[in-house]
Amino acid sequence: MKAPKIHFFKQEDNSETPAKSTPKAKEVPATGYISSTGKLVFPIKSVTQLGLEPDGISFQIGTQEGKRKIKSLYVVPTSEETNETFQMEKGAKSYTIPLPVILQKGKIDYSGTKYVFTIKPFDYEGDITGYELQLEPETKPEYTGKPRGRKKSVATEE
């Protein structure tokens, strides 16, 4: 007796919806903030996420030409050390670049308002990856919970 041709089923044939690929984890943008002393603070998590190796390289820092108030800073790594470049300083859990005078001239009130920034890579002159830091004042969500502490007693007058 000759064996019939057999069509074997797959797991996908037994489900009504097509097989889904495993969902990717949402890519969280790299972030940082400006300290109250006027330093750009890059957490180590953001530095590793961007693939930056700040030790031994300098950075050129600039803003968009023709703008009075700073909305974005541009950080471009360079191998040369000149008076136009800045070094990242290693902190406990972050890297910092001190820029207090430049930020004040750009009308950034870092001492009164905490500024945060998202870091977006961009191509600079074709072969160099620069980073755009989009500055925004930090906004805290409005507190909607119950008030804490003792209840205020209401004195009733008769």
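Coordinates for the structure precede this section.
Residues numbered from 1 in each chain as written. Predicted model: local features only at pLDDT ≥ 70, side-chain atom pairs only at ≥ 80, totals over all residues. Heavy atoms only, no water.

Please clarify how the pairing of strand β9 (residues 128-137) should be interpreted in this entry.
Both faces of the sheet carry side chains from a regular strand, because those side chains alternate between them. The sheet contact formed by strand β4 (residues 72-78) and β9 spans four bridges and is antiparallel. From the neighbouring strand, valine 75 faces β9, where its bridge partner is tyrosine 131. The pairing of strand β8 (residues 115-124) with β9 spans ten bridges and is antiparallel. Counterpart to tyrosine 115 in the pairing with β9 is proline 137. (Pairing = 2+ DSSP bridges. Helix = DSSP H or I, 4+ residues; strand = E, 2+ residues; numbered from the N terminus.)

Quick question: what am I supposed to make of the side chain of threonine 96 here?
Along the chain, threonine 96 falls in strand β7 (residues 94-98). Looking at threonine 96, the relative accessible area reads 12%, which means it is buried. If sequence neighbours within four positions are ignored, threonine 96 has contacts with Lys39, Leu40, Val41, Gln87, Met88 and Glu89. (Buried < 20%, exposed > 50% of the residue type's maximum accessible area, 1.4 Å probe, protein only. Contact = heavy atoms within 4.5 Å.)

Quick question: what am I supposed to make of the nonpolar core here?
Across soluble globular proteins, nonpolar side chains have a tendency to be buried as a group. Counting 25 residues, the largest nonpolar core has Ile34, Leu40, Phe42 and Leu73 as the members making the most contacts within it. Elements supplying a minimum of two residues to this core: β1 (30-34), β2 (39-43), α1 (44-50), β3 (58-62), β4, β7, β8 and β9. (Core = buried A, V, L, I, M, F, W, Y, C linked by side-chain atoms within 4.5 Å.)

Mind showing me how you'd approach the pairing of β3 here?
Strand direction decides the pairing type here: β3 and β4, joined by five bridges, are antiparallel. Each bridged residue has a counterpart across the sheet, and for serine 58 the counterpart in β4 is threonine 78.

Would you mind going over empty space enclosed by the protein with me for this structure?
To locate leftover empty space, one rolls a probe as large as a water molecule over the atoms. In total, this model carries one cavity of 30 Å³ or more according to the counting rule given. A volume near 30 Å³ is recorded for the largest cavity. Lining the largest cavity, in full, are Phe42, Leu50, Leu52, Val75, Met88, Ile119, Tyr131 and Leu133. Class assignment for the residues of the lining of the largest cavity results in eight nonpolar, no polar and no charged. (1 Å grid on protein atoms, 1.4 Å probe; cavity = no way out; pocket = protein on both sides within 12 Å on 5 of 7 lines; lining within 4 Å. Points joined across faces, edges and corners; volume = space filled by probe spheres on them. Nonpolar A, V, L, I, M, F, W, Y, C, P; charged D, E, K, R; others polar.)

Limitation: the analysis is restricted to geometry and does not speak to function.
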